[in-house]
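# Structural overview
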Amino acid sequence: MSSVVQRGALLFCLLASIPAVSCSASESSPATWSAGAQDAGGDAGQGGSSPEASPCGANLKMCGSQCVGIGDPDYGCTATGCFPCSIPGAYATCLQGACALDECLAHHADCNNDEADGCEVDLLTDAKNCQACGNECPATSWGTPNCNQGSCSYVCLAGFAPCASGCCPSISSSPGTLVAGRAHTCVLTSAGGVKCWGKAVEDGSAADSHVAIDVPGLASGVTALASKDSHTCALLQNGAVLCWGDNTYGELGNASSGNSSATPVEVQGLGGAATAIAAGSGFSCAKLTAGGYACWGRNSDGQLGTGNKLDSNVAVPAAKLAALSFVSTGGAHACGLHNGGIQCWGNNQLGQLGDGTKISRLIPADAYNLSAAGAYAIDAVAQHTCAVVLDGSVLCWGDNQYGQLGTGSAGGSQAYPQPVIDVAGKAAIVASGSRHTCVLLKTGAVQCWGAGGQGQLGDGTSTDRYTATVVPGLPSDVVSMASGELHSCVLAAGGKVYCWGANGSGQLGDGSTSTRPSPVAVQGL
């Protein structure tokens, strides 16, 4: 307190002829007064007193060192109290000697109709009352609803991104955390490293492993994986791509062909950093930061998207794929996402391009009636293709010899996309093997269909199933999935992997080579 204020307070005391009142002032506390024996219950420490003892006059009270009006909500509502009226999220008023709610602060509301807790809801941040009372942001399986400035949004788990229905697999990274080839499986670890198990290299130049082991040179810095048949590729943080395994057709992209590699080698000719990768049967592709795609390996059916049928053992520009947002590569064909629809190219002998014909194509063509389906997940494999569209349904087309299309029967093929029967909810990820297909639902459940002779449907039997069938015994926090030729695996949020199906090369990772018709945990993770 300044010396001027101190002198003013002392002068007030000298002029006041109230014997019972004493005054004091110091540098460390404001001028206060006390009513002594005449105090009618006021708290001197708060500057409160009874009206009779107050030196402020009628309808005033002393709060600290100043006189204020009795009933002023800034200083309470009673003759003695000096605490301000405070109601959460609201302006307060004084009504009949008690603090009462006057009106809500901007963007606040009394959603429970109980004035005792004021305007308890912030409509800009409350996910259960976003912008308006009762306007709850919908729940999502792989994330948390969030109200941001009055609009619903989501905080999604790793590998998932906000989408129209909540959190969906991010097409830039999932699939990409868990991948499966013909007889091997790999997973991206939380440290950004890579572990694999099963058949090492098709020509036997490295030993198989029946449990998960580290890939040499890839302990960290990996952001995504891709695998199909007998080779695997990894995308690094700096945009480089490394591949290993079979190299019969130049699918490793290291400027050689025919020489497999048990250790990762860098893809040549990318022409810039990559942001996503895909691996097919004898070929691979990468999406580039600068836009467009580069592909390498086998091109017997135009699957590289170059508009010709020339193989390449280094990455070459895939000019025909420039308009696609994501690419999935299969046997001798591939498909990509385009403005919510799907376009496919390459071999079409069994209708795997989904355009209603069996004519192979060197450039992408629209899959029938899917141009505005809102497709967000796709998997091309061997000779069939499956996709998940915005309403959560699953569509498949191509070879159906083993019932892998899920249409209720086996045999023949379908050149038009067909709905899978008995999918028990909205789907998130689809993963296809050569003879079977599996889907991860937004509930966390997994269903499979197609050939089951090697236990690859995971239902505890070796029975073929022609409609979607639940895989029992899995944890509830499955976040990714992959299917090899005759096996499938899922990744749980905590990093554990569970696999089932054929296991002749140890591709299930349970330490054995025994076929497993039900999920088993991978060892070594």
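As the structure is a prediction and not an experimental result, all values here were calculated from the model.

Each helix and strand in the chain was counted, giving 1 helix and 40 strands. The buried share of the chain, reckoned over its 525 residues, is 49%. Expressed as a percentage of contacts within the chain between residues at least 6 apart in sequence, the contacts between residues at least 24 apart total 42%. With the model as given, the accessible surface of the chain reaches about 21400 Å², and the carbon-plus-sulfur share is 51%.

Moving on, we get to the pairing of strand β5 (residues 90-95). Here 6 bridges tie β5 to strand β6 (residues 98-104), and the two strands are oriented antiparallel to one another. Each bridged residue has a counterpart across the sheet, and for Ala90 the counterpart in β6 is Cys104. Linking β5 back to β6 in an antiparallel pair, the connection comprises 2 residues, with Gln96 at a positive phi of about 55°.

Moving on, we get to the state of the cysteines. This structure, assessed with the given rule, holds 15 disulfides. Covalently, Cys233 is tied to Cys243 through a disulfide, its sulfur atoms 2.1 Å apart. Handedness here is read from the sign of the S-S torsion; for Cys233 and Cys243, about 105°, the answer is right-handed. A residue pair is termed long-range when its members are at least 10 positions apart, and Cys233 in strand β18 (residues 231-236) and Cys243 in strand β19 (residues 241-245) qualify at 10 residues. What makes Cys233 buried here is its relative accessible area of 2%.

Quick look at the packing of aromatic side chains now. This model, assessed by the stated rule, comprises 1 aromatic pair. When the ring of Tyr368 is compared with that of Tyr416, the centres are 4.9 Å apart and the planes differ by 80°; the resulting orientation is edge-to-face. Of this pair, Tyr368 sits in the loop between β28 (361-366) and β29 (377-381) while Tyr416 sits in strand β32 (residues 413-419), and the two are 48 residues apart along the sequence.

What the rule picks out here adds up to 6 salt bridges. Across the salt bridge formed by Asp214 and Lys195, the nearest N and O atoms sit 2.9 Å from each other. Remark: Lys195 occurs in strand β15 (residues 194-198) and Asp214 occurs in strand β16 (residues 209-214); sequence separation between them is 19 residues. For Asp214, a relative accessible area of 55% gives the class exposed. One salt bridge in this structure joins Asp459 and Arg465, with 2.8 Å as the shortest N-O distance. Overall, the relative accessible area of 15% leaves Asp459 in the buried class.

Now for the sheet that holds strand β39 (residues 497-501). Spatially, the 4 strands line up as an open sheet ordered β37-β38-β39-β40, and their pairing is antiparallel. On the outer flanks of this sheet lie β37 (478-483) and β40 (516-521), each paired with one strand and no other. Between one strand axis and the next, the sheet turns through 15° on average, direction left out of account. The pairing of β37 with strand β38 (residues 487-492) spans 5 bridges and is classified as antiparallel. Bridging from a neighbouring strand, Ser483 pairs with Ser488 of β38.

Okay, the sheet that holds strand β22 (residues 283-288) next. Hydrogen bonds between backbone atoms are what pair the strands of a sheet, whose relative direction is either parallel or antiparallel. Taken together, the 4 strands give an open sheet; going across it, the order is β21-β22-β23-β24, and neighbouring strands pair in antiparallel fashion. Taken across any chain shown, the strands that pair with only one partner, and hence form the sheet edges, are β21 (274-279) and β24 (312-317). Averaged over all neighbouring strand pairs, the angle between strand axes comes to 15°, with direction disregarded. Sheet topology note: the β22/strand β23 (residues 293-297) ladder contains 5 bridges and is antiparallel. For Ala286, the partnering residue across the bridge sits in β23 and is Ala294.

It is worth spelling out the pairing of strand β9 (residues 143-148) at this point. Summarising the sheet, β9 and strand β10 (residues 151-156) pair through 6 bridges and their orientation is antiparallel. In the sheet register, Asn146 faces β10, and the bridge partner there is Ser153. The antiparallel hairpin formed by β9 and β10 contains 2 residues in its connecting segment, where Gln149 sits at a positive phi of about 55°.

Quick notes on the rules
- Residues numbered from 1 in each chain as written.
- Predicted model: local features only at pLDDT ≥ 70, side-chain atom pairs only at ≥ 80, totals over all residues.
- Heavy atoms only, no water.
- Helix = DSSP H or I, 4+ residues; strand = E, 2+ residues; numbered from the N terminus.
- Buried < 20%, exposed > 50% of the residue type's maximum accessible area, 1.4 Å probe, protein only.
- Contact = heavy atoms within 4.5 Å.
- Areas by Shrake-Rupley, 256 points an atom, 1.4 Å probe, with all protein chains shown as cover.
- Pairing = 2+ DSSP bridges.
- Disulfide = S-S within 2.5 Å.
- Phe/Tyr/Trp six-rings, centres within 6.5 Å; stacked < 30°, edge-to-face > 60°.
- Salt bridge = Lys/Arg side-chain N within 4 Å of Asp/Glu carboxyl O.
- Axes fitted to C-alpha atoms, helices over the stretch in contact; angles between N-to-C directions.

Just geometry here; none of it tells us what the structure is for.
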